[in-house]
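Here is how the chains run, residue by residue.
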Amino acid sequence: MRHRLAFQVGPVAFRIGSAWRAPIDALGALYAGYPEPEDGICDFTVRLEPEQPWRRWLRPSVAIRGDYMLPDAMPMALAHGLLAAEMGMNLQMALGQKRYLLLHAASVEKGGRSLILTGESGAGKSTLAALLGERGWRLMGDEFALLDLASGALHPFPRAVSLKNGAIAVVEREVIPTRFGPRLDGTPKGAIRHMRPAADALQRMGEGAPPALILFPRFGVAEEVRPVGQAEIFMRLTQASTNYVALGAAGFDALTRLVSETPAAAIDYPDTDAAVALVEDLWRQAA
Amino acid sequence: MAAPRYVADPVEDIRTVALDGLCVLYHARSGATHIVAPPVPEILEALREGPAGAAELLRRLERQFEIEGDGIAARLEELEAAGLVRRA
């Protein structure tokens, strides 16, 4: 490939190759400050090519095809670069990761222990994690939480945060403009804008933390904290995992350990300030 | 026709973890995870003494638990459908 970029996100090294220069420049700006792969070897490769550009890296799964389309207003190659690389990284992680139980969840850390935020797409976990990451917590990731099969610790995967629609303006109020990628309008999920996590999230991307609390956030409804039974938590987390079945007994052991040892609650909240206050309150109780 | 007799896989092939009064099971033979309620873990344990039909299984369970006999045959059929027990 003519243009290349390689960087480390937590325990995973990615290489992005592109026939165009623009997407690599855009990614390079968004991922400024991420370390280069430790040993020069990459775990996953995403390729952006001019002829039928999706075919090669989408081959492992046709299900993702049509998940987004390219906005007319964006220069084609730039839109390819950001969206395709982000989705390619997700896809490769979801399909290829064997060392960790992958949970579709955001996670943050404080005082050496981690908080897992999981729930359906649109529940607000990305936004909440992004805000906590600006308010005294270390952002570990907004998309995937990596549960170590042996130690039970959570490992960071602090990829660029993917903010959507109303969440973009909420986070723009708290973060300097240079940490944002371009705003991409007109995708099927609406507007998307990527944000580089704060400096401590990058500097400490090799530092895992044992889980201390699991929350199931739901945005846009009256404030409420509800208990969730362990069997239900277990079931929800199997559904939130992309590789639980593939891992077999090791996945079962890791997940039952997480659920048995970690307190959990479902939280409803009308706005993000209420959510942050609820999280801080529940965190104090769990400590 | 004689009532069917059933066997369960040994304990090392079915990992069992109790969560809030329910149990999650990992069945190594099928790779499937099951969430079950009592008396399913007790039935599997009792079957590990050897193959049994519903009547014999009830006698084994009554040694340890207060249990209603109705429904044991139905539970066994459900467990067979789930792949957790099979005909002896």
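Let us look at the structure shown here. (Residues numbered from 1 in each chain as written. Chains lettered and ligands numbered in written order. Predicted model: local features only at pLDDT ≥ 70, side-chain atom pairs only at ≥ 80, totals over all residues. Heavy atoms only, no water.)

**A closer look at the overall build of chain A**
- Of regular secondary structure, chain A possesses ten helices and 14 strands.
- Expressed as a percentage of the 287 residues in chain A, the buried residues total 57%.
- Long-range contacts, defined here as pairs at least 24 residues apart, represent 73% of the contacts in chain A between residues at least 6 apart.
- Summed over all atoms, the accessible surface of chain A reaches about 12,000 Å², with 51% contributed by carbon and sulfur. (Helix = DSSP H or I, 4+ residues; strand = E, 2+ residues; numbered from the N terminus. Buried < 20%, exposed > 50% of the residue type's maximum accessible area, 1.4 Å probe, protein only. Contact = heavy atoms within 4.5 Å. Areas by Shrake-Rupley, 256 points an atom, 1.4 Å probe, with all protein chains shown as cover.)

**Details of the sheet that holds strand E2 (residues 14-19) of chain B**
- Ordered by their spatial adjacency, three strands build an open sheet running E2-E3-E4 (chain B), and the pairing between neighbours is antiparallel. Two strands lie at the open edges of the sheet, namely E2 and strand E4 (32-36) of chain B, each paired on one side alone. When the angles between neighbouring strand axes are averaged without regard to direction, this sheet yields 20°.
- Helix H7 (residues 230-240) of chain A rests against E2, strand E3 (22-27) and E4 of chain B of the sheet, and its axis sits at about 155° to E4(B). (Pairing = 2+ DSSP bridges. Axes fitted to C-alpha atoms, helices over the stretch in contact; angles between N-to-C directions.)

**Here we look at the environment of A:Gly166**
- Considering the arrangement of structural elements, one finds A:Gly166 in helix H5 (residues 166-172).
- Residues A:Gly166 and A:Ala191 lie 25 residues apart in sequence; the distance between their C-alpha atoms is 8.6 Å.

**So, the side chain of A:His194**
- Within the secondary structure, A:His194 is located in strand E11 (residues 190-195).
- Among residues more than four places away in sequence, those in contact with A:His194 are A:Leu30, A:Leu82, A:Leu83, A:Glu86, A:Ala160, A:Val161, A:Ser162, A:Arg179, A:Phe180 and A:Gly181.

**Things to note about the sheet that holds strand E1 (residues 3-9) of chain A**
All names here are of chain A.
- One open sheet accounts for three strands, arranged E1-E2-E3; its pairing is mixed. Looking at the sheet topology across the chains shown, the edges are occupied by E1 and strand E3 (44-48). Going from strand to strand, the sheet's axes swing by 15° on average, the running direction of each strand aside.
- Bridge count between E1 and strand E2 (residues 12-18): seven bridges; the pairing is antiparallel. When the bridges of E2 are listed, Arg4 appears paired with Gly17.
- Seen against the sheet, helix H1 (residues 22-30) touches E1, E2 and E3 and runs at an angle of roughly 25° to E1.

**Describing helix H4 (residues 125-132) of chain A**
- In terms of burial, H4(A) is largely enclosed, as eight of its eight residues are buried.
- Residues of H4(A) that are buried include every one of A:Lys125, A:Ser126, A:Thr127, A:Leu128, A:Ala129, A:Ala130, A:Leu131 and A:Leu132, and no others.

**Quick look at the nonpolar core**
- With 67 residues, the main nonpolar core has A:Ile16, A:Met93, A:Leu115, A:Leu132, A:Leu163 and A:Leu215 as its most contacted residues.
- Looking at this core, you find at least three residues from each of domain 1 (3-96) and domain 2 (101-160 + 197-286) of chain A.
- The contacts of A:Leu215, once residues within four sequence positions are left out, are A:Leu115, A:Ile116, A:Leu117, A:Thr118, A:Ala265, A:Ile267, A:Val279 and A:Leu282.
- Core analysis: the second largest hydrophobic core is formed by 26 residues, A:Ala209, A:Val228, B:Val24 and B:Tyr26 among them. (Core = buried A, V, L, I, M, F, W, Y, C linked by side-chain atoms within 4.5 Å. Domains from an automatic or database assignment.)

**Brief notes about a nonpolar patch on the surface**
- A cluster of nonpolar side chains, namely A:Met235, B:Leu22 and B:Ile35, defines an oily patch on the protein surface of about 220 Å² accessible area.
- Within the secondary structure, B:Ile35 is located in strand E4.
- Accessibility expressed as a relative area gives 37% for B:Ile35, which makes it partly exposed. (Patch = residues over 30% accessible without salt bridge, like charges linked within 9 Å, V, L, I, M, F, W, Y side chains within 5 Å. Salt bridge = Lys/Arg side-chain N within 4 Å of Asp/Glu carboxyl O.)

**What to know about helix H2 (residues 54-62) of chain B**
Residues and elements named next belong to chain B.
- Burial in H2 covers these residues: Leu57, Leu58, Arg60 and Leu61. Buried residues along H2 cover an arc of 160° about the axis, so they all sit on one side.
- Buried residues along H2 sit against helix H1 (40-47) and helix H3 (72-82). (Arc of directions from axis to C-beta.)

**Some details on the interface of chain B and chain A**
- In this assembly, ten residues from chain B lie in contact with 13 residues from chain A.
- Together chain B and chain A conceal approximately 1,000 Å² of surface at their shared face, both sides included; 71% is due to carbon and sulfur atoms.
- If you look at where chain B meets chain A, you find one salt bridge.
- Of the charged contacts in the structure, one is a salt bridge between A:Asp253 and B:Arg15, with a shortest N-O distance of 2.8 Å.
- Here chain B and chain A share four residue pairs in polar contact (both at pLDDT 80 or more) between them.
- Listing elements by their share of the side of chain B that touches chain A, those giving two or more residues are E2, E3 and E4 of chain B.
- With four residues, the top contributor of residues to the side of chain B that touches chain A is E3(B).
- Each residue belonging to the side of chain B that touches chain A can be placed in one class, and the counts come to seven nonpolar, one polar and two charged. (Buried area = accessible area lost by both parts, 1.4 Å probe. Polar contact = N/O pair within 3.5 Å; in protein donor to acceptor, adjacent residues only side chain to side chain. Nonpolar A, V, L, I, M, F, W, Y, C, P; charged D, E, K, R; others polar.)

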